[in-house]
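If you want the building blocks of each chain, they are given just below.
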Amino acid sequence: MNTTTLCPLGAESAKASVRFFLGVDGGGTGTRVRLSDLNGRILGQGEAGPSALGQGAEQAWANILLAARQAQLQAGGDLLDWSHYAIGLGLSGASVPAQVEAFLTLQPGFALLALDGDGFTTVLGAHGGQPGAVVAAGTGTVGEVLRRDGSRACISGWGWICGDEGSGAWLGLKAIRHAHQAQDGRVPVGPLARAVFAVVGSDEREPILAWCAQAGQHAYASLARLVFDHAEGPNVDPVAVGFVQEAVVELERLALALDPAADLPLALCGSIALRLAPNFSGTIAGRCVSPQGDSADGALHLVRQVLQKLGN
């Protein structure tokens, strides 16, 4: 999505009243808020529960404001009215118009609000607000890019059931499918299959089916560690080695799709991407840079840029 901006006071009134910035990183498991002054100096931080828009606008605002109050208290300043704050938000679910509309109707009075997806604020944070690409692979996988001409793109992120190649959940699905085949006798029972049987509690068909029936994204992602454990070391399994190599290929394909000309710096985020980074080819590895900041920092970049454009 492109940035959604809400400025209820009007452009000039908002610019005159803003004294502080809030940057919000909100997802399905938690919310982080960072408070800065007009010069960009970080004054305080706060954390709260999830604020993904798909879980409801009321919950999102409740946790955002809770974390924002924590940041205010940490800063040691007066609990000023929200009309003195400009807030930038990188939220999961910000690409769904109905969810955005419900969220904006509950805006509690910020002088300026700038909303985008958490993937885009991750790009802004990683590259200090400048053009660049991010490959994020943890439980899921997504790539985001801000190009030099101002255009942007999101690649992958289709969800763990039918996409998110190279992610923890994707590796876990490959591990459990291998265990299925080993239980059937279609492939030999090796170290990886035995490790999966130990986690699910049995090498018998019915208990394995029962585990799969109740498992969700995070349960499958937890099996990724078994793949890594058996991709090297004394108990190496060639099947696990192959799965890791496939994951590297998938993440490299994602990086190339984001920036075919290999013109932009690339930041890696998430436990799986960072673990696989040493296996990347020289072409990809040579583009990798350490992130300058995170999604909350990117949300601060977002709202500062919007405020600067007001009235121009």
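I will try to describe carefully the structure that is included in this document. (Residues numbered from 1 in each chain as written. Predicted model: local features only at pLDDT ≥ 70, side-chain atom pairs only at ≥ 80, totals over all residues. Heavy atoms only, no water.)

1. Quick look at the side chain of Glu252
- Tracing the backbone through its elements, the reader meets Glu252 in helix H10 (residues 238-258).
- No salt bridge is formed by the buried Glu252. Its closest oppositely charged neighbour is Arg287, at 9.1 Å.
- Not counting residues within four places of it along the chain, the set of residues in contact with Glu252 comprises Phe280, Ser281 and Ile284. (Helix = DSSP H or I, 4+ residues; strand = E, 2+ residues; numbered from the N terminus. Buried < 20%, exposed > 50% of the residue type's maximum accessible area, 1.4 Å probe, protein only. Lys, Arg positive; Asp, Glu negative; His and termini not counted. Salt bridge = Lys/Arg side-chain N within 4 Å of Asp/Glu carboxyl O. Contact = heavy atoms within 4.5 Å.)

2. So, helix H2 (residues 57-75)
- Between its first and last C-alpha, H2 extends 27 Å over 19 residues, near the 27 Å set by a 1.5 Å rise per residue.
- For H2, the complete set of buried residues consists of Ala57, Ala60, Trp61, Asn63, Ile64, Ala67, Ala68, Ala71 and Gln72.
- Next to the buried residues of H2 lie strand S2 (20-26), strand S3 (31-37), strand S4 (42-48), strand S5 (85-91), helix H3 (97-104) and strand S6 (112-116).
- Two residues or fewer past H2, Gly76 is found with a positive phi of approximately 75°. (Expected span 1.5 Å × (residues − 1).)

3. A few points about the pairing of strand S9 (residues 152-156)
- Judged from the 5 bridges that link them, strand S8 (residues 141-146) and S9 form a sheet pairing that is antiparallel. Within S9, the residue paired with Leu146 across the bridge is Arg152. (Pairing = 2+ DSSP bridges.)

Such coordinate-based values are descriptive only and should not be taken to indicate function.
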